[in-house]
Amino acid sequence: VRSQAGRTQAQRCAVSGAAAWTIVPMSPQCAAAAAALHATAGLPEAWDAAAFATLLAMPGVRGCLALDAGTGEPLGLALWRTVVDEAELLTICVSPQRRRQGLGSTLLEIVLDDSRTQGARRTLLEVATDNAPARSLYGSLGFEACGRRPRYYHTAAGPIDAEIMLKDLTTA
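To keep things clear, this report deals only with the structure shown in the data block. Residue positions are given per chain, counting from 1 as you read along its sequence in written order. Given that the model is predicted, a residue must reach a pLDDT of at least 70 before its local features are reported, and side-chain atom pairs must reach 80 or more before they are shown or counted; all residues, however, enter totals for whole chains, interfaces and linings. Excluded from the side-chain calculation are hydrogens and water; included are all heavy atoms of the structure.

## Structural notes on the overall build of the protein
Moving on, step 1. Helix and strand counts for the protein stand at four helices and eight strands.
Moving on, step 2. For the protein, the N- to C-terminal ordering of α and β elements is β-β-α-α-β-β-β-α-β-α-β-β.
Moving on, step 3. In these tables, accessible area is a Shrake-Rupley quantity obtained with a 1.4 Å probe, and a residue counts as shielded only by the protein chains included in the view. For the protein, the exposed area adds up to about 8,600 Å²; of that, 52% sits on carbon and sulfur atoms. Segments assigned H or I by DSSP are reported as helices when at least four residues long, segments assigned E as strands when at least two residues long, and all are numbered from the N terminus.

## Some remarks on the environment of Arg135
Moving on, step 1. Here Arg135 lies in helix 4 (residues 132–140).
Moving on, step 2. In this structure the C-alpha to C-alpha distance between Arg135 and Met165, which are 30 residues apart in sequence, comes to 8.8 Å.
Moving on, step 3. Contacts are assigned to residue pairs with any non-hydrogen atoms lying within 4.5 Å of each other. Setting aside anything within four residues of it in sequence, one finds Arg135 in contact with Val127, Ala128, Thr129, Glu163 and Met165.
Moving on, step 4. Within 3.5 Å is the distance limit for a polar contact, defined as a pair of N or O atoms, with the added protein rule that one can donate a hydrogen and the other accept it, and that residues adjacent in sequence qualify only through two side-chain atoms. Of the polar contacts made by the side chain of Arg135, one reaches the backbone oxygen of Thr129; its length is 2.7 Å.

## Focus: the pairing of strand 5 (residues 86–94)
If a strand is regular, its side chains alternate between the two faces of the sheet.
Moving on, step 1. For the exposure calls, accessible area comes from a 1.4 Å probe over protein chains only, and a residue counts as buried if that area is under 20% of its type's maximum, exposed if over 50%, partly exposed in between. With seven of nine residues buried, strand 5 lies mostly within the body of the structure.
Moving on, step 2. Note on pairing: two strands pair once DSSP finds at least 2 bridges between them. As paired elements, strand 4 (residues 74–83) and strand 5 share eight bridges and run antiparallel to each other. Paired with Leu79 across the two strands is Thr91, which belongs to strand 5.
Moving on, step 3. Linking strand 4 back to strand 5 in an antiparallel pair, the connection comprises two residues, with Val84 at a positive phi of about 55°.

## Observations regarding the nonpolar core
Moving on, step 1. Ile23, Leu103, Leu107, Leu108 and Tyr138 are the most contacted members of the largest nonpolar core, which has 27 residues in total.
Moving on, step 2. Among the secondary structure elements, those contributing two or more residues to this core are strand 2 (19–25), strand 3 (61–68), strand 4, strand 5, helix 3 (103–117), strand 6 (122–128) and helix 4.
Moving on, step 3. With six residues, the top contributor of residues to this core is helix 3.
Moving on, step 4. Ignoring anything within four residues of it in the chain, the contact list for Leu103 reads Trp21, Ile23, Ala66, Leu75, Gly76 and Val94.
Moving on, step 5. Ranked by size, the runner-up nonpolar core spans 16 residues in total, among them Leu56, Leu65, Leu79 and Leu90. Remark: nonpolar core denotes a set of buried residues (Ala, Val, Leu, Ile, Met, Phe, Trp, Tyr, Cys) joined through side-chain atoms within 4.5 Å.

## Some points on unusual backbone geometry
Excluding glycine, a negative phi dihedral is what most residues carry, and trans is how most peptide bonds are arranged.
Moving on, step 1. Not every positive phi belongs to a glycine, and Val84 is a case in point at roughly 55°.
Moving on, step 2. In this structure, Val84 sits in the loop between strand 4 and strand 5.

## Things to note about helix 3
Moving on, step 1. Its 15 residues place the ends of helix 3 21 Å apart at the C-alpha level, agreeing with the 21 Å of an ideal helix rising 1.5 Å per residue.
Moving on, step 2. Of all 15 residues making up helix 3, eleven are buried, and the element is well covered by its neighbours.
Moving on, step 3. Every buried residue belonging to helix 3 is among Leu103, Gly104, Thr106, Leu107, Leu108, Ile110, Val111, Leu112, Asp113, Asp114 and Ser115, and all of these are buried.
Moving on, step 4. At the C-terminal side of helix 3, Gly119 shows a positive phi close to 100°. Here the expected length of a helix is defined as 1.5 Å per residue gap, with one fewer gap than residues.

Geometric values such as these leave the question of function open.
Here's what the structure looks like:
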């Protein structure tokens, strides 16, 4: 997979202060690490290793994992699916201690670049309506609200609506 900078995912690095990460393609063998990271991210519904392995084995599903360049510790991930001309962000997360350092943007840009490469003309996602930081990130990268799924997420505090967001990939 090539990014806008022309590097493969495994070569793409970003630096934030003294901390650096490397992005690598995710395979079904990464399912346990992905599930452990997903469980710490504070998402409404954490996925287990079986869910990640099943999704990663499906046609059209791709993922990437951000690893600490020094320790190899998983820091973030993104999982998406492309079918014909539409991509869907299935999940994205960054470990709490690495948020607000540009890693979420980096992961999402990889998703968008790869979706375009795979022929997608648009990308969709769902986000909990109470997740202001994620909604802000998506908005900053050109996603716009296009619908709502009432009571979509189930949390200990009760159901939460999902906002559906769309990005047109055919425009700059």
